[in-house]
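# Fold and contact review
Letter by letter, the chains look like this.
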Amino acid sequence: MPNPLIWFAGIAAVIYLVYRFVRTRDWRYAVVFTGIGVTYVPWLLYPERTMFQFYTIAMLPFVLLALTFALRDVAGAHHTDLYRRLSGQRMVLVFLLVATVLSAFWYPIVTGMPVPYDFWRAHNWLPGWV
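Since the model is a prediction, treat every value here as computed from it, not as a measurement. (Residues numbered from 1 in each chain as written. Predicted model: local features only at pLDDT ≥ 70, side-chain atom pairs only at ≥ 80, totals over all residues. Heavy atoms only, no water.)

### Considerations on the nonpolar core
L17, V32, I36, A66 and L67 are the most contacted members of the largest nonpolar core, which totals 20 residues. Going through the elements one at a time, helix 1 (4–24), helix 2 (27–44), helix 3 (60–75) and helix 4 (82–110) are the ones with two or more residues in this core. Among the elements that take part in this core, helix 3 stands out by supplying seven residues, more than any other. (Core = buried A, V, L, I, M, F, W, Y, C linked by side-chain atoms within 4.5 Å. Buried < 20%, exposed > 50% of the residue type's maximum accessible area, 1.4 Å probe, protein only. Helix = DSSP H or I, 4+ residues; strand = E, 2+ residues; numbered from the N terminus.)

Here it is as structure tokens:
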């Protein structure tokens, strides 16, 4: 089970990178899209097959790259005013702190440690996760 914050924010970051690519035509964004496309599109050819979450692990490096690009933009460039840059950097730090706390929360489940049933149920945030 991956960190939900990283995956959901990563999906939002990929969508944001589509917008940025249309505006700037930066080749680095195209590399991220190519990686995601190469790892995801083949599964669209077989809609009758079940796709388990661990199949998407090949996409993780590209999702993290997209998230990194998006967080870099949130943090602000060097030429932006000081208030904008500091508030953006604080937002990025809060995001990273929450992601770290959630990673610690999910660690026992990810590593397969024996846990109490109530602890396991606390990780089932959406009905489809059971």
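### Let's talk about the packing of aromatic side chains
Going through the model one piece at a time under the given rule, you end up with six aromatic pairs. Between Y29 and F69 the ring centres are 5.2 Å apart and the planes differ by 85°, which places this aromatic pair in the edge-to-face class. Taken together, the positions of Y29 in helix 2 and F69 in helix 3 put the pair 40 residues apart, joining distant regions of the chain. Aromatic rings pair up to connect F105, W106 and F119 into one cluster. (Phe/Tyr/Trp six-rings, centres within 6.5 Å; stacked < 30°, edge-to-face > 60°.)

### Quick notes on the pattern of salt bridges
A complete count under the given rule lists three salt bridges for this structure. Between D73 and R20 there is a salt bridge, with its nearest N and O atoms 3.5 Å apart. Residue D73 is located in helix 3, and its partner R20 is located in helix 1; the two are separated by 53 residues in the primary sequence. Overall, R20 belongs to the partly exposed group, its relative accessible area being 22%. Note that R28 is salt-bridged to D26, the shortest N-O span being 2.6 Å. (Salt bridge = Lys/Arg side-chain N within 4 Å of Asp/Glu carboxyl O.)

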